Amino acid sequence: MTGNITHTISMAQFRQLFPVSDCINVGDDFCVIDMRYDKNLNILKHPCRFDGYLVFFCVSGRVRMTVNLTDFDVVEDSLFINFPGDIITVPELDDSQKESLHFIVMAMTREYMSGMKVNMPQLMSRGIALLRNPCLVLTGEEKAIAKKYLELASDILRSNLLYKRECITSLLSSLFYLDGGVIESRMNDAKAKAELAVADRSKVVFDRFISVVSEYHTQERGMAFYADKLCLTPKYLSKLVKAASGRSAPDWIDAYVMLEAKNMLKYSDMPIKEIVSRLNFPNPSTFHKFFKANTGITPLQYRKK
């Protein structure tokens, strides 16, 4: 175990989760995986991060993923994009889900992505919508084109072509613009629908609230702090968050703190006293009560699970 705050999966570790025959790659920073259920995927039952970019195309089956505390159903013909830093969890699958699960996955490191000729600021200038909903169900036309890209990428990787890496890099640059077009299309559709309705202030405030909580939850847990950041009263902020999400604002703050606490306990060897300090609890007793109230077990019991 290491002293990392969260469990981060590197490209090398990710590739080791799958049989060699199902993974084709160019170098150590990009690969395409024909993914079916494997017991090694149980590592995703606990919250973790992948230190790079993941693009999942669901060929068949259905699975629920939790990304940054929000649940998404990944279904047949859907495209799911995971960004560096996202905290992802996949719960235990039942036997029928395991049997039908089939994904094509492209994984690439940050370094590989940075070397591609893609104008990411252009593609992501309105990308907050993608961060809120990273799962897109493709139309028949989009699916057919995406399938051709994946097949061509696999053929290139399996070939003995010269400049294979350069070929793949150019192909991926094109693929990201394809994805960008799909995202832009969805956003335009959503905008057209939104213009027919009154703007929902509670949703706007909730999105801002979650953004601030994700940044400061290891430092601050009080409602007054977040209300001040959003220039609202604590009472009004609580009302808007409850209306938008069905959960209270303190629940969301506690959920983010619990996520970090679980990661520290599960994937680090830090003493609990240090975890208490990193999460800005006044003393171990307060942290112990907080953790047990949210999980029903003590921090030490959770670490030993």
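First, a word on what this report is: a plain description of the structure on this page. Predicted, not measured: the structure shown is a model, and the values here were computed from it.

We now examine the overall build of the protein. Within the protein, the regular secondary structure consists of 14 helices and eleven strands. Residues classed as buried in the protein amount to 45% of the 305 residues present. Counted over contacts in the protein with a minimum sequence separation of 6, partners at least 24 positions apart contribute 70%.

Note on helix geometry: an α-helix contains 3.6 residues per turn, so any two residues three or four positions apart are oriented the same way. In this model helix H11 (residues 249-267) runs 27 Å from its N-terminal to its C-terminal C-alpha over 19 residues, within 8% of the 27 Å that 1.5 Å per residue would give. Taken across its 19 residues, H11 has 15 buried, putting it largely inside the fold.

Moving on: empty space enclosed by the protein. Following the criterion strictly, the structure yields five cavities of 30 Å³ or more and no others. The volume enclosed by the largest cavity comes to roughly 160 Å³. In terms of lining residues, the largest cavity is bounded by 16 residues, among which Leu41, Leu44, Val90, Leu93 and Leu101 are the most central. Here the residues of the lining of the largest cavity sort into 13 nonpolar, one polar and two charged.

What follows deals with the pattern of salt bridges. Using the criterion set out here, one finds nine salt bridges in the structure. The partner of aspartate 207 in a salt bridge is lysine 203, and the shortest N-O contact between them spans 2.8 Å. Remark: lysine 203 and aspartate 207 occur in helix H8 (residues 201-216); sequence separation between them is four residues, near one turn of the helix. Residue lysine 203 is classed as partly exposed on the basis of its relative accessible area of 35%. Three or more residues are tied together by salt bridges with common partners; here these are Arg62, Arg64, Asp71 and Asp73.

Bridging between strand E6 (residues 62-67) and strand E7 (residues 70-75) involves six bridges; their strand directions are antiparallel. In the sheet register, methionine 65 faces E7, and the bridge partner there is phenylalanine 72. Between the antiparallel neighbours E6 and E7 lie two residues, among them asparagine 68 with a positive phi of about 50 degrees.

When two helices pack together, their arrangement is given by the angle between their axes and by how far apart the axes lie. Their axes nearest at 11 Å, the elements H11 and helix H13 (residues 284-295) cross at an angle of 105 degrees. Regarding the angle of H11 to H13, the classification is roughly perpendicular. Across the interface between the two elements, Asp254, Val257, Met258, Ala261, Lys262 and Leu265 from H11 touch Phe287, Phe290, Phe291, Asn294 and Thr295 from H13. By residue class, the composition of the contact of H11 with H13 is seven nonpolar, two polar and two charged.

Bringing unusual backbone geometry into the picture now. It is generally the case that most residues other than glycine have a negative phi and that most peptide bonds are trans. Unlike most non-glycine residues, asparagine 68 shows phi in positive territory, near 50 degrees. Secondary-structure assignment places asparagine 68 in the loop between E6 and E7. At leucine 69, a position not held by glycine, the phi torsion is positive, near 75 degrees. Looking at the element boundaries, leucine 69 is found in the loop between E6 and E7.

What links the strands of a sheet is backbone hydrogen bonding, and the strands pair in either a parallel or an antiparallel sense. Ordered by their spatial adjacency, six strands build an open sheet running E2-E3-E10-E5-E8-E11, and the pairing between neighbours is antiparallel. This sheet does not close on itself; its edge strands, each paired only once, are strand E2 (23-25) and strand E11 (135-137). Between one strand axis and the next, the sheet turns by 15 degrees as a mean value, whatever way the strands run. Where strand E5 (residues 52-60) meets strand E10 (residues 102-109), eight bridges bridge the pair, whose relative direction is antiparallel. Across the sheet, serine 60 pairs through a bridge with histidine 102, a residue of E10. Running over the sheet, helix H6 (residues 140-158) touches E2, strand E3 (30-36), E5, E10 and E11 and is turned about 70 degrees from E2.

Running from N to C, H8 and helix H10 (residues 234-245) cross one another at 105 degrees; their axes reach a closest spacing of 8 Å. The orientation of H8 with respect to H10, classified from their angle, is roughly perpendicular. Between H8 and H10, the residues in contact are Arg201, Ser202, Lys203, Val205, Phe206 and Phe209 and Tyr236, Leu237, Leu240, Val241, Ala243, Ala244 and Ser245, respectively. Class assignment for the residues of the contact of H8 with H10 results in nine nonpolar, two polar and two charged.

Reading the values: rules and limits
Residues numbered from 1 in each chain as written. Predicted model: local features only at pLDDT ≥ 70, side-chain atom pairs only at ≥ 80, totals over all residues. Heavy atoms only, no water. Helix = DSSP H or I, 4+ residues; strand = E, 2+ residues; numbered from the N terminus. Buried < 20%, exposed > 50% of the residue type's maximum accessible area, 1.4 Å probe, protein only. Contact = heavy atoms within 4.5 Å. Expected span 1.5 Å × (residues − 1). 1 Å grid on protein atoms, 1.4 Å probe; cavity = no way out; pocket = protein on both sides within 12 Å on 5 of 7 lines; lining within 4 Å. Points joined across faces, edges and corners; volume = space filled by probe spheres on them. Nonpolar A, V, L, I, M, F, W, Y, C, P; charged D, E, K, R; others polar. Salt bridge = Lys/Arg side-chain N within 4 Å of Asp/Glu carboxyl O. Pairing = 2+ DSSP bridges. Axes fitted to C-alpha atoms, helices over the stretch in contact; angles between N-to-C directions. Parallel < 35°, antiparallel > 145°, perpendicular 65-115°, else oblique.

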